[in-house]
Amino acid sequence: MGIPGGAKLRRVARFLLFSTIALALGGCTLPTFGGFRGATTQGQAEFKLWSWMTMAGLVVAAIVWGLILWAVIAYRRRDPDKMPRQFHSNAFVEVIYTAVPLIIIGVIFFYTVKTENTVDALAPHPAVTVRVTGFQWGWSFSYRDPQGKQIALVETAQARPPVLAGNPTSAEYPQFVLPLGETTQIVLESADVVHGFYIPAFNFSRYALPGVTNNFDFTPVHTGVFAGHCAQYCGLYHAEMLFSVRVVRPGAFQAWLSTQPASGAAT
Ligand SMILES: [Cu+2]
């Protein structure tokens, strides 16, 4: 049997599909839906996945809400004495609403794996290596040369007032620096308990785990100062685990690096 209003439905679906594609391709700026566009190549890949998945979700939502509304209005009870035609199944519709979600899940799975591979990819020869250690309650950023020797150190001041909980970019909190357009490898560890190394503008968060080393790359695409904080409740002064990252041009980065003290015991 044919589906009543099937042609009209297909027209609506086609309109939604094409308007979404036109929206995405026009000016090639994807809508953010409240997300960050990503200040690194890895963060941009993450953003692209977020934006496309949200758009796909909205198309599905529009079709579902449209069908509900249509069924409610078109098949409302007009005559209290007349029952509508009774039937118990529709093989065609059932095959469609099983196959289409499977295809959607398959596409989402494919692009999620693809994006994760991009985000987790490690460059064989990163321009900079920074060993980041989370501890109760702060961060240390130890810059290493290719031989693993510490060449610069930025860390949370130990003698800080107990609670500042202010702006992550203020001078009370450590700020590490990354070169624009170059790949920095972060070697993430914890000195005590589980912490969360989170930079919202990079669309990136990862656990700092005691006894486990997490490696990942940042390739910044925008200069600027970006806030970071601990994303895993880790004790009394968890809210004090603020930091920021400043992205500068490679020349300015080398100038900054040369002024940094290499002192402090390597953690
Ligand atoms: Cu914490």
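Note: the structure precedes this text.
The notes below deal with the structure included here. Position numbers for residues count from 1 along each chain, tracking the sequence in the order it is written. The predicted origin of the model limits local features to residues at a pLDDT of at least 70 and limits the giving and counting of side-chain atom pairs to 80 or more, whereas totals for whole chains, interfaces and linings rest on all residues. By convention in this description, side-chain values take in all heavy atoms of the structure and omit both hydrogens and water.

**Points about the pairing of strand 3 (residues 150-155)**
- The rule for pairing is simple: two strands pair if DSSP sees at least two bridges between them. Secondary structure elements are taken from DSSP: a helix is a run of H or I of four residues or more, a strand is a run of E of two residues or more, and numbering for both begins at the N terminus. As defined by bridge partners, strand 2 (residues 138-144) adjoins strand 3 across five bridges and the pair is classed as antiparallel. Paired with S142 across the bridge in strand 3 is L153.
- Where strand 2 folds back onto strand 3 in an antiparallel hairpin, the turn is made up of five residues, including G148, whose phi is positive at roughly 90 degrees.

**Overview of the nonpolar core**
- We define the nonpolar core as a collection of buried residues of types Ala, Val, Leu, Ile, Met, Phe, Trp, Tyr and Cys that are connected through side-chain atoms lying within 4.5 Å of one another. Accessibility here uses a 1.4 Å probe with only protein chains present; expressed as a share of the type maximum, an area under 20% marks a residue as buried, one over 50% as exposed, and anything in between as partly exposed. With 36 residues, the main nonpolar core has F141, Y143, F176, F197 and F202 as its most contacted residues.
- Considering every element that reaches this core, the biggest residue donor is strand 10 (residues 242-248), with four residues.
- Discounting chain neighbours no more than four positions away, the residues touching Y143 are V128, T129, V130, K149, Q150, I151, A152, F176, V177, F253, W256 and L257. The contact rule is simple, with two residues in contact once any of their heavy atoms fall within 4.5 Å.

**Thoughts on helix 3 (residues 91-120)**
- Any helix carries an expected span of 1.5 Å times its number of residues minus one. With 30 residues, helix 3 should cover 44 Å at 1.5 Å per step; its first-to-last C-alpha distance of 43 Å lies within 8% of that length.
- Whenever two N or O atoms come within 3.5 Å, that pair is a polar contact, provided that in protein one can donate a hydrogen and the other can accept it, and provided that, for residues adjacent in sequence, both atoms are side-chain atoms. Of the residues flanking the start of helix 3, the one acting as N-cap is N90, its side-chain oxygen 3.2 Å from the backbone nitrogen of F92.

**Focus: the sheet that holds strand 8 (residues 214-218)**
- Reading across the sheet, the five strands line up as 3-2-1-5-8 and stay open at both edges, with mixed pairing between neighbours. The open sheet has two edge strands, strand 3 and strand 8, and neither has a second partner. Shown here is a sheet whose adjacent strand axes are inclined to one another by a mean of 25 degrees, direction ignored. Orientation is described by lines fitted to C-alpha atoms, with helices fitted over the stretch in contact, and by angles between N-to-C directions that extend from 0 to 180 degrees.

**Quick notes on the coordination of the copper ion**
- Bound to the copper ion are the protein donor atoms C230 (SG), Q232 (O), C234 (SG) and H238 (ND1), situated 2.1 to 2.7 Å from the metal.
- Seen from the copper ion, its four donor atoms lie at angles of 75 to 151 degrees, and the figure they make is irregular.
- Donor atoms are limited to N, O and S found within 2.8 Å of the metal ion, a distance that becomes 3.2 Å for Na, K and Ca. With water left out, some sites might look partial. In primary sequence terms, the donor set of the copper ion follows C-x1-Q-x1-C-x3-H. Accessibility classification places C230 together with C234 in one group, the buried group. Key to geometry: four donors with every angle between 85 and 135 degrees are tetrahedral; four donors are square planar and six octahedral where opposite donors lie over 155 degrees apart and all remaining angles lie between 65 and 115; all other sites are irregular.

**Remarks on helix 2 (residues 41-74)**
- For helix 2, with 34 residues, the first-to-last C-alpha span of 49 Å sits near the 50 Å given by 1.5 Å per residue.
- Among the residues of helix 2, those classed as buried are Q42, G43, A45, F47, L49, S51, M55, V59 and A61.

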